[in-house]
Amino acid sequence: MELKKIAIQTLLYIAKALKMETKDMMVLFNEGMQSMRINYYPPCPQPEQVIGLTQHSDADGITFLLELNEVEGLQIKKDGIWIPIKPLPDAFIIVTNGQYKSIEHRAVVNSKKERLSIATFLNPKLDCEIGPAPSLITSETPPKYTRVTVVDFFKNLFSTELKRKSNLVQYYI
Ligand SMILES: O=C(O)CCC(=O)C(=O)O
Ligand SMILES: [Fe+2]
């Protein structure tokens, strides 16, 4: 419940920064669906030969990631280069019409130490539609994505392999 409050508050700050109407965010996330993934990365003697979690961007509104021990592993892709990083700055690319990009990231493994992380996601509620927020659409900033029901968004997401931003490409206008 605390995570949900923080996630909504953060999304509202994003809305404010973008001069987006509060209701465009609230309608999706106020009764949004929370989910959690617990990742366990065992040590691997040849870490360069494997990948802990393949490169992807999260398909939710906002993610908070807890790294349980001090072992680094998360990397984000910035200007084509993988950068090791601790915090996970993530955002929902569709609602903000591409202004807040959901960054591509991956996790690598360590040769000696295990690593644990817990990712918590705030998704929009199932019975609504996602697309660029109406308050962000003007003649100068037309929509960059088509609208899709949340149910179809998740059906498409889980029917393809986790790969870069492949689930988003189908919504580009
Ligand atoms: O373990 C990590 O650092 C990344 C986890 C992650 O990206 C995810 O669960 O979506
Ligand atoms: Fe992720």
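See the structure printed just above.
None of the values given here were measured: they were computed from a predicted structure. (Residues numbered from 1 in each chain as written. Chains lettered and ligands numbered in written order. Predicted model: local features only at pLDDT ≥ 70, side-chain atom pairs only at ≥ 80, totals over all residues. Heavy atoms only, no water.)

J.: Would you take a moment to explain the coordination of the iron ion (ligand 2) for this structure?
T.: Six octahedral donors around a metal ideally sit at 90 or 180 degrees from one another, while four tetrahedral donors ideally sit at 109.5 degrees. Around the iron ion (ligand 2), the protein contributes the donor atoms His 56 (NE2), Asp 58 (OD) and His 105 (NE2), at 2.1 to 2.2 Å from the metal centre. Motif for the iron ion (ligand 2), donor spacing along one chain: H-x1-D-x46-H. Each of the two residues, His 56 as well as Asp 58, counts as buried. (Donors = N, O, S within 2.8 Å, 3.2 Å for Na, K, Ca; no water. Buried < 20%, exposed > 50% of the residue type's maximum accessible area, 1.4 Å probe, protein only.)

J.: I would appreciate a short explanation of the nonpolar core in the present structure.
T.: One broad trend across soluble globular proteins is that nonpolar side chains are buried collectively. The biggest cluster of nonpolar side chains holds 26 residues, and the ones touching the most others in it are Leu 11, Met 20, Met 25, Leu 122 and Phe 153. Elements represented by at least two residues in this core include exactly helix H1 (2-17), helix H2 (22-29) and helix H3 (150-159). Here the element with the most residues in this core is H1; it accounts for five residues. Those residues in contact with Met 25 that sit more than four places away from it in its chain are Leu 11, Leu 12, Ile 14, Ala 15, Met 20 and Val 95. (Core = buried A, V, L, I, M, F, W, Y, C linked by side-chain atoms within 4.5 Å. Helix = DSSP H or I, 4+ residues; strand = E, 2+ residues; numbered from the N terminus. Contact = heavy atoms within 4.5 Å.)

J.: Would you mind going over the sheet that holds strand E2 (residues 53-56) with me for this structure?
T.: Strand pairing in a sheet relies on backbone hydrogen bonds. The paired strands run either parallel or antiparallel. If you walk across this open sheet you meet the four strands as E2-E6-E4-E5, and the pairing is antiparallel. Edge positions in the sheet fall to E2 and strand E5 (81-84), since each of these pairs with one other strand and no more. Looking at each pair of strands side by side, their axes are set apart by 25 degrees on average, direction ignored. Here strand E4 (residues 74-78) runs beside strand E6 (residues 105-107); their pairing, made up of three bridges, is antiparallel. Directly across from Gln 75, in E6, lies its bridge partner Arg 106. (Pairing = 2+ DSSP bridges. Axes fitted to C-alpha atoms, helices over the stretch in contact; angles between N-to-C directions.)

J.: Would you mind showing me how to read the site of ligand 1 here?
T.: Near ligand 1 you find 13 residues, and of these Arg 37, Tyr 41, His 105, Arg 115 and Ser 117 are the closest. A distance of 2.7 Å is found between an oxygen atom of ligand 1 and a side-chain nitrogen or oxygen belonging to Arg 37. In this structure, His 56 approaches ligand 1 through a side-chain N or O atom, which is 3.2 Å from an oxygen atom. In isolation ligand 1 has 300 Å² of accessible area, and contact with the protein removes 100% of it. Elements represented by at least two residues in the shell around ligand 1 include exactly strand E1 (33-41), E2 and strand E7 (115-123). Looking at the shell around ligand 1, the element that brings in the most residues is E7, giving four residues. (Near = heavy atom within 4 Å. Polar contact = N/O pair within 3.5 Å; in protein donor to acceptor, adjacent residues only side chain to side chain. Areas by Shrake-Rupley, 256 points an atom, 1.4 Å probe, with all protein chains shown as cover.)

J.: Mind showing me how you'd approach the sheet that holds E1 here?
T.: What the three strands build is an open sheet, ordered E1-E7-E3; its pairing is antiparallel. In this open sheet, the two strands that pair with only one neighbour each are E1 and strand E3 (62-67). Strand-to-strand twist of the sheet, defined as the mean angle between neighbouring strand axes without regard to direction, takes the value 15 degrees. Both E1 and E7 contribute to a ladder of nine bridges, which runs antiparallel. Note that in E7 the partner of Ile 38 across the bridge is Ile 118. With respect to the sheet, H1 is in contact with E1, E3 and E7, its orientation differing from that of E3 by roughly 130 degrees.

J.: What's the story with the side chain of Gln 55 in this structure? I'm lost.
T.: When you line up the elements, Gln 55 lands in strand E2. Looking at Gln 55, the relative accessible area reads 19%, which means it is buried. Within polar-contact distance, the side chain of Gln 55 engages the side chain of Glu 104 at 2.7 Å.

J.: What am I meant to see in the packing of H1 against H2 here?
T.: Helix-helix packing: each pair is described by the crossing angle between the helix axes and the interaxial distance. For the pair H1 and H2, interaxial distance at closest approach is 9 Å and the crossing angle is 150 degrees. Taken as axis vectors, H1 and H2 run roughly antiparallel relative to one another. Where H1 crosses over H2, the handedness of that crossing is right-handed. Contacts between H1 and H2 pair Lys 4, Ile 8, Leu 11, Leu 12, Ile 14 and Ala 15 from the former with Thr 22, Met 25, Met 26 and Phe 29 from the latter. Among the residues forming the contact of H1 with H2, the class breakdown is eight nonpolar, one polar and one charged. (Parallel < 35°, antiparallel > 145°, perpendicular 65-115°, else oblique. Left-handed = near helix turned anticlockwise from the far one by under 90°. Nonpolar A, V, L, I, M, F, W, Y, C, P; charged D, E, K, R; others polar.)

Purely geometric stuff here, so don't read any function into it on its own.
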